[in-house]
Amino acid sequence: DAGVTQSPTHLIKTRGQQVTLRCSPKSGHDTVSWYQQALGQGPQFIFQYYEEEERQRGNFPDRFSGHQFPNYSSELNVNALLLGDSALYLCASSLGRRNEKLFFGSGTQLSVL
Amino acid sequence: GESVGLHLPTLSVQEGDNSIINCAYSNSASDYFIWYKQESGKGPQFIIDIRSNMDKRQGQRVTVLLNKTVKHLSLQIAATQPGDSAVYFCAESGNTGKLIFGQGTTLQVKP
């Protein structure tokens, strides 16, 4: 049973560029949440997708957007990258929207130069 | 605003000893709490959770205690092993449904 998988594992971009990160949830899960984790900090909630719609959003600008597909997989898009967007981006999946027992992937390490 | 914080950034224990990691939360409406372990280069790994209608829950070698009166959460690890070395995060979820993480405590296990 595959857990949460994310791709790519590492990514290097320059300021102003756009990036797309991908996530496949744990088998049986229907909800995907994205988190940003800066070095030495706890994960910060970006948004949650359920039934292909954004259901909740954290305090992140509109440059951060996402999508969920019918197979429950999800993408996170970040436009107009800033140096401060450099972080580990984590995808978590769960069953239902309650945000309980989230299972996390290993993340995508994004470096913006 | 809502916040979840940890009392100590680093905890160093001897192998075989018990570890206690503490966490304070500020949102009295929080009704679900969870502990995660994060090893270097990996995503957070679920350890144990507890709902606000309980004050104690036990797992394998781990116990979570919840004191709603003082808004305090703790994780106890029995017979700490080198493999327990990691960063531990508490997180809470309340009426917003969002999971809010603290900043983490690094647990170092000395052989």
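This one's a predicted model, so the numbers in the text were calculated from it and none came from an experiment.

**Student:** Tell me about the interface of chain B and chain A, residues and numbers included.
**Tutor:** In this assembly, 22 residues from chain B lie in contact with 20 residues from chain A. In total, chain B and chain A occlude about 1,600 Å² of area from one another, counting both sides; carbon and sulfur atoms represent 45% of this. Glu100 of chain A is the salt-bridge partner of Arg51 of chain B, the closest N and O atoms lying 2.6 Å from each other. Elements that contribute at least two residues to the side of chain B that touches chain A include exactly β4 (32-38), β5 (45-51), β9 (86-93) and β10 (99-101) of chain B. With four residues, the top contributor of residues to the side of chain B that touches chain A is β4 of chain B. Each residue belonging to the side of chain B that touches chain A can be placed in one class, and the counts come to eight nonpolar, nine polar and five charged.

**Student:** Any details on the state of the cysteines? Residues and values, ideally.
**Tutor:** Residue and element names in this part refer to chain A. Summed over all chains, the structure comprises two disulfides over all chains. The disulfide bridge from Cys23 ends at Cys91, spanning 1.8 Å between sulfur atoms. Around the S-S axis, the bridge from Cys23 to Cys91 shows a dihedral of about -60° and counts as left-handed. With a gap of 68 residues between them, Cys23 in strand β3 (residues 19-24) and Cys91 in strand β9 (residues 87-94) connect regions that are remote in the sequence.

**Student:** Requested: an account of the sheet that holds strand β7 (residues 64-68) of chain A, with residues and values cited.
**Tutor:** Adjacent strands of a sheet form backbone hydrogen bonds with each other and so pair up, either parallel or antiparallel. Residues and elements named next belong to chain A. Reading across from one edge, β1-β3-β8-β7 is the order of the four strands in this open sheet, with antiparallel pairing throughout. Two strands lie at the open edges of the sheet, namely β1 (5-7) and β7, each paired on one side alone. Each strand of the sheet is rotated relative to its neighbour by a mean of 20°, with strand direction disregarded. As paired strands, β3 and strand β8 (residues 74-78) are joined by five bridges and run antiparallel to one another. Bridge pairing links Val19 to Val78 in β8.

**Student:** Tell me about the side chain of Ser93 of chain B, and please be specific about residues and values.
**Tutor:** Position of Ser93 of chain B relative to the elements: it lies in strand β9. Contact partners of Ser93 of chain B, with chain neighbours within four places excluded, come to Arg98 of chain A together with Ser30, Asp31, Tyr32, Lys98 and Leu99 of chain B.

**Student:** Quick one: what's the story with the layout of surface pockets, residue by residue and with numbers?
**Tutor:** Volume-wise, the largest pocket comes out at about 500 Å³. Lining the largest pocket are 26 residues, with Gln37, Leu39, Gly40 and Leu88 of chain A together with Gln38 of chain B positioned closest to its centre. Taken together, the residues of the lining of the largest pocket break down into seven nonpolar, 17 polar and two charged.

Rules used throughout
Residues numbered from 1 in each chain as written. Chains lettered and ligands numbered in written order. Predicted model: local features only at pLDDT ≥ 70, side-chain atom pairs only at ≥ 80, totals over all residues. Heavy atoms only, no water. Contact = heavy atoms within 4.5 Å. Buried area = accessible area lost by both parts, 1.4 Å probe. Salt bridge = Lys/Arg side-chain N within 4 Å of Asp/Glu carboxyl O. Helix = DSSP H or I, 4+ residues; strand = E, 2+ residues; numbered from the N terminus. Nonpolar A, V, L, I, M, F, W, Y, C, P; charged D, E, K, R; others polar. Disulfide = S-S within 2.5 Å. Pairing = 2+ DSSP bridges. Axes fitted to C-alpha atoms, helices over the stretch in contact; angles between N-to-C directions. 1 Å grid on protein atoms, 1.4 Å probe; cavity = no way out; pocket = protein on both sides within 12 Å on 5 of 7 lines; lining within 4 Å. Points joined across faces, edges and corners; volume = space filled by probe spheres on them.

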